[in-house]
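Descriptive structure summary
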Amino acid sequence: MMRSHIEWFKFHLGNRQSIGPATLRALWSDACDSFDISVNRQMHSIAGHTTVTYSLCASPRLPNPKVVELRMRKLLESSNYAFSMTVIHH
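The following paragraphs examine the structure supplied in this document. All of these numbers come straight from a predicted model, not from anything done at the bench. (Residues numbered from 1 in each chain as written. Predicted model: local features only at pLDDT ≥ 70, side-chain atom pairs only at ≥ 80, totals over all residues. Heavy atoms only, no water.)

1. Notes on the overall build of the protein
Tallying secondary structure elements over the protein gives two helices and four strands in all. Ordered by position in the sequence, the α and β elements of the protein form the string β-α-β-β-α-β. Computed over the C-alpha atoms, the radius of gyration of the protein is 13 Å, within 12% of the 12 Å expected from 2.2 N^0.38 for a compact globule of 90 residues. When its C-alpha atoms are laid out on the principal axes, the protein stretches across 40 × 30 × 25 Å. Residues classed as buried in the protein amount to 31% of the 90 residues present. The long-range fraction of contacts in the protein, counting pairs at least 24 apart against all pairs at least 6 apart in sequence, stands at 66%. Summing over all exposed atoms, the protein offers an accessible surface of approximately 6,000 Å²; the carbon and sulfur share of this is 51%. (Helix = DSSP H or I, 4+ residues; strand = E, 2+ residues; numbered from the N terminus. Rg over C-alpha atoms; globule rule 2.2 N^0.38 Å. Buried < 20%, exposed > 50% of the residue type's maximum accessible area, 1.4 Å probe, protein only. Contact = heavy atoms within 4.5 Å. Areas by Shrake-Rupley, 256 points an atom, 1.4 Å probe, with all protein chains shown as cover.)

2. Here's the deal with the environment of I6
Mapping I6 onto the fold places it in strand β1 (residues 6-13). Between the C-alpha atoms of I6 and I37, which are 31 residues apart in sequence, the distance is 9.3 Å.

3. Quick notes on the packing of helix α1 (residues 21-32) against helix α2 (residues 65-78)
Helix-helix packing: each pair is described by the crossing angle between the helix axes and the interaxial distance. Direction vectors running N to C along α1 and α2 enclose 140°, while the axes themselves pass 8 Å from each other. Viewed along their axes, α1 and α2 adopt a mutual orientation that is oblique. Classified by chirality, the crossing of α2 by α1 is right-handed. Residues L24, L27, W28, D30, A31 and C32 of α1 form the contact with α2, whose own contacting residues are V68, R71, M72, L75 and L76. Considered class by class, the residues forming the contact of α1 with α2 number nine nonpolar, no polar and two charged. (Axes fitted to C-alpha atoms, helices over the stretch in contact; angles between N-to-C directions. Parallel < 35°, antiparallel > 145°, perpendicular 65-115°, else oblique. Left-handed = near helix turned anticlockwise from the far one by under 90°. Nonpolar A, V, L, I, M, F, W, Y, C, P; charged D, E, K, R; others polar.)

4. Focus on the environment of R25
Mapped onto the elements of the fold, R25 is located in helix α1. With ten residues separating them in the primary sequence, R25 and F35 have C-alpha atoms 8.7 Å apart. In this structure, R25 is in contact with F35, I37, S38 and V39, ignoring residues within four places of it in sequence.

5. Observations regarding the environment of S29
Among the structural elements, S29 can be located in helix α1. For S29, a relative accessible area of 9% translates into the label buried. As for S29 and A58, which are separated by 29 residues in sequence, their C-alpha atoms are 9.3 Å apart. If we ignore the near neighbours within four places in the chain, the residues touching S29 are S34, F35 and I37.

Scope: geometric values only; no functional claims are made or implied.
Listed below in structure tokens is the structure:
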């Protein structure tokens, strides 16, 4: 049975920063306290400038999304990432 995930958050990292898929999955899994998660990365090129958007996905029944958001922010900050995060799903 395939589990369905929805996008909870999107974020961008600061200039010249990137995060690998294994590291991102580990941080997101820790924030959600679950292995039932997925992550995506989309690259966009505008006028020769490439930006990357990271998406954090999990079950639509994610318990305590605000707590999960705060945990993820803290994990990114403690890993020295400069980022801007947007809440997609409430």
